[in-house]
Amino acid sequence: MAFDQHGRDIDYLRISVTDRCNLRCLYCMPEEGIHWKPHAEMLTLEEIARFVRVAAGEGIKRIRLTGGEPLVRRGITDLVRRVVQTPGIESVAMTTNGILLPKMAHSLWQAGLSRVNISLDTLDAQQYSHITRWGSIDDAFKGIEVALATGFKPVKINAVVVRSLHQDLLAFARLSIDRPLHVRFIEYMPVGNTCGGAGLGWTAADTIPNEELIDLLNDQARQVGLGSLEPISELAVTPDNWGPARYYQFAGALGTVGFISALSRHFCGQCNRLRLTAEGELLPCLFSDLQFDAKSALRSADERALRQVLRQALSTKPASHHHRVGTSRQMHQIGG
Ligand code: SAM
Ligand code: SF4
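Quick caveat: nothing in here was measured; it's all calculated off a predicted structure.

(A) Structural context of the overall build of the protein. Check the secondary structure of the protein and you find 10 helices and 12 strands. For 336 residues, the compact-globule estimate of 2.2 N^0.38 gives 20 Å, and the protein sits close to it at 19 Å. The principal-axis extents of the C-alpha atoms in the protein amount to approximately 60 × 40 × 40 Å. Buried positions account for 56% of the 336 residues belonging to the protein. Considering only residue pairs separated by 6 or more positions, the protein has 75% of its internal contacts joining residues 24 or more positions apart. By element, 52% of the accessible surface of the protein is carried by carbon and sulfur atoms, the whole surface being about 14,000 Å².

And the structure:
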């Protein structure tokens with residue numbers, strides 16, 4: 001087990017396998033002007049797999065592959081297979097926009113991927129193209145269908161809620177009723193210098209605190225005779241305590257509705273994670289600029305140095321983000 005300096009058991013590693021993406025969501029990534037780092041500065045798949053092996057020896061048990069868009073990284077299926085086969089790794093999941101799932105779900109499943117989170121912020125085709133700048137909602141819907149048909153469990157839908165977008169949130173919550181879809185509303189985080197709402201006039205007021213959102217949804221649900229969302233144990237959705245969401249359910253629903261409050265009710269006290277960027281920096285906290293150079297340690301092929309980097313990250317992990325929001329990085333560079 002790996003305990004940080006505050007006694008939290010850190011067993012979860014989010015790995016951004018690329019900072020590139022086939023979409024350009026307004027809150028995550030600028031449309032243009034990105035200075036792409038040369039591929040040589042990115043970790044190779046072999047280096048990522050080696051990092052996971054050493055991290056597993058230090059107490060990491062669960063991995064989430066993210067990005068940018070993880071499915072645009074060449075060789076991602078092989079990486080999944082290697083990570084799944086790493087001794088000590090108990091569970092491997094992916095966060096994806098789902099666009100490439102119709103092509104890739106089957107091979108990912110065969111490689112051992114069992115859980116997917118698919119990002120979708122609206123059910124309206126025009127609004128989807130607006131938010132993602134050019135995506136087609138039909139592709140995202142197909143991704144969700146394929147994820148369910150392939151057998152991934154759970155299939156979660158991540159929806160970032162932004163006040164000025166006026167998304168139809170009840171329509172989202174309804175997705176959880178007839179099928180085993182776990183809809184999670186994520187508070188918009190105004191991060192990054194050139195996106196995250198900059199230039200769109202979005203402000204901190206565009207973050208709808210989850211408490212407000214739950215009340216809003218319940219009002220709307222009652223008006224149409226759906227009743228209220230009832231709290232359920234998160235263990236019903238994530239038996240291995242995977243995520244920081246609070247979960248609710250409509251009576252008789254096959255899926256659930258979750259709320260992730262990184263800002264209004266931050267979950268730092270239960271934080272169980274480290275993040276590895278595509279460039280090989282190890283980040284102890286999403287909202288801190290603290291970072292440790294895992295790439296140099298990997299490239300020196302000195303396993304002790306790598307273990308040292310992991311231990312440094314654990315021993316400096318802040319107790320809380322102290323309501324600081326954002327870093328100089330864009331979300332697509334961190335992995336969410
Ligand atoms: N491309 C993949 C996807 O969209 O699922 C994985 C990477 S994306 C950076 C990971 C998660 O971060 C997504 O669920 C996305 O909606 C979320 N995200 C990105 N920018 C955000 C922001 N400013 N506030 C809250 N969540 C954000
Ligand atoms: Fe790409 Fe995901 Fe960021 Fe959207 S949220 S731009 S899909 S990385």
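(B) Representation of the environment of Gly112. Residue position: Gly112 is located in the loop between helix 3 (101-111) and strand 4 (115-119). Spatially, the C-alpha atom of Gly112 lies 32 Å from that of Met189, the residues being 77 residues apart in sequence.

(C) Spotlight on the pairing of strand 5 (residues 155-161). Counted residue by residue, strand 5 has 7 buried out of 7 residues, so it is predominantly covered. Covered by surrounding structure in strand 5 are Val155, Ile157, Ala159 and Val161 together with Lys156, Asn158 and Val160, the residues of both alternating faces. Bridge count between strand 4 and strand 5: 4 bridges; the pairing is parallel. Across the sheet, residue Asn117 finds its bridge partner in strand 5, namely Lys156. Where strand 5 meets strand 6 (residues 181-187), 7 bridges bridge the pair, whose relative direction is parallel. Along strand 6, the bridge assignment pairs Val161 with Glu187. With helix 6 (residues 169-178) bridging strand 5 and its parallel neighbour strand 6, the resulting β-α-β unit is right-handed.

(D) Quick peek at the site of ligand 2. Near ligand 2 you find Cys21, Leu23, Arg24, Cys25, Cys28, Met29, Gly68 and Asn97, and these make up its full shell. Class assignment of the residues belonging to the shell around ligand 2 gives a composition of 5 nonpolar, 2 polar and 1 charged.

(E) Main features of helix 9 (residues 303-316). The end-to-end C-alpha separation of helix 9 is 20 Å, in line with the 20 Å expected for 14 residues at 1.5 Å each. Of the surrounding elements, those touching the buried residues of helix 9 are helix 1 (45-57), strand 10 (273-276), strand 11 (281-283), strand 12 (292-293) and helix 8 (294-299).

(F) Broad picture of the site of ligand 1. What surrounds ligand 1 is a group of 19 residues, the closest being Tyr27, Gly68, Ser119, Met189 and Met331. Take Tyr27: an N or O atom from its main chain is 3.1 Å from a nitrogen atom of ligand 1. In this structure, a nitrogen atom belonging to ligand 1 sits 2.7 Å away from a main-chain N or O atom of Met189. Its free accessible area being 550 Å², ligand 1 has 95% of it covered by the protein chains. Counting only elements with at least two residues in the shell around ligand 1, the list comes to strand 3 (91-96), strand 5 and strand 6. Taken together, the residues that form the shell around ligand 1 break down as 7 nonpolar, 10 polar and 2 charged.

(G) Geometry of the pairing of strand 10. Going residue by residue along strand 10, you find Arg273 and Arg275 tucked away on one face and Leu274 and Leu276 tucked away on the opposite face as well. When strand 10 meets strand 11, the two strands line up antiparallel, connected through 2 bridges. By the bridge assignment for strand 11, Leu276 is matched with Leu282. Hairpin geometry of strand 10 and strand 11 is characterised by an intervening segment of 4 residues between the two adjacent antiparallel strands and by a positive phi of about 90° at Gly280.

(H) Expanded view of the nonpolar core. By size, the foremost hydrophobic cluster in this structure holds 77 residues, and its most contacted members are Leu13, Phe51, Leu65, Phe185 and Leu282. Element by element, the count of residues in this core is highest for helix 1, at 8 residues. Counting residues in each nonpolar core, the second largest holds 27 residues, with Val160, Ile186, Val191 and Ile260 among its members.

(I) Spotlight on the packing of helix 6 against helix 7 (residues 210-223). At a minimum axis distance of 10 Å, the contact between helix 6 and helix 7 shows a crossing angle of 80°. Taken as axis vectors, helix 6 and helix 7 run roughly perpendicular relative to one another. Side by side, helix 6 and helix 7 meet where Leu169, Leu170 and Ala173 of the first sit next to Leu213, Leu216, Leu217, Gln220 and Ala221 of the second. Within the contact of helix 6 with helix 7, the residues separate by chemical class into 7 nonpolar, 1 polar and no charged.

(J) Inspection of the packing of aromatic side chains at higher detail. The tally for this structure, following the rule as stated, stands at 5 aromatic pairs. For the pair Tyr188 and Trp202, a centre-to-centre distance of 5.3 Å together with 85° between the ring planes defines the contact as edge-to-face. Placement of Tyr188 in the loop between strand 6 and helix 7 and of Trp202 in the loop between strand 6 and helix 7 is noted, with a sequence separation of 14 residues between them. Using a relative accessible area of 1% as the deciding quantity, one classes Tyr188 as buried. Three or more aromatic residues joined by ring pairs form one cluster here, namely Phe172, Phe185, Tyr248 and Phe259.

Calculation rules
- Residues numbered from 1 in each chain as written.
- Chains lettered and ligands numbered in written order.
- Predicted model: local features only at pLDDT ≥ 70, side-chain atom pairs only at ≥ 80, totals over all residues.
- Heavy atoms only, no water.
- Helix = DSSP H or I, 4+ residues; strand = E, 2+ residues; numbered from the N terminus.
- Rg over C-alpha atoms; globule rule 2.2 N^0.38 Å.
- Buried < 20%, exposed > 50% of the residue type's maximum accessible area, 1.4 Å probe, protein only.
- Contact = heavy atoms within 4.5 Å.
- Areas by Shrake-Rupley, 256 points an atom, 1.4 Å probe, with all protein chains shown as cover.
- Pairing = 2+ DSSP bridges.
- Right-handed = clockwise from strand over helix to strand, strands pointing away.
- Near = heavy atom within 4 Å.
- Nonpolar A, V, L, I, M, F, W, Y, C, P; charged D, E, K, R; others polar.
- Expected span 1.5 Å × (residues − 1).
- Polar contact = N/O pair within 3.5 Å; in protein donor to acceptor, adjacent residues only side chain to side chain.
- Core = buried A, V, L, I, M, F, W, Y, C linked by side-chain atoms within 4.5 Å.
- Axes fitted to C-alpha atoms, helices over the stretch in contact; angles between N-to-C directions.
- Parallel < 35°, antiparallel > 145°, perpendicular 65-115°, else oblique.
- Phe/Tyr/Trp six-rings, centres within 6.5 Å; stacked < 30°, edge-to-face > 60°.

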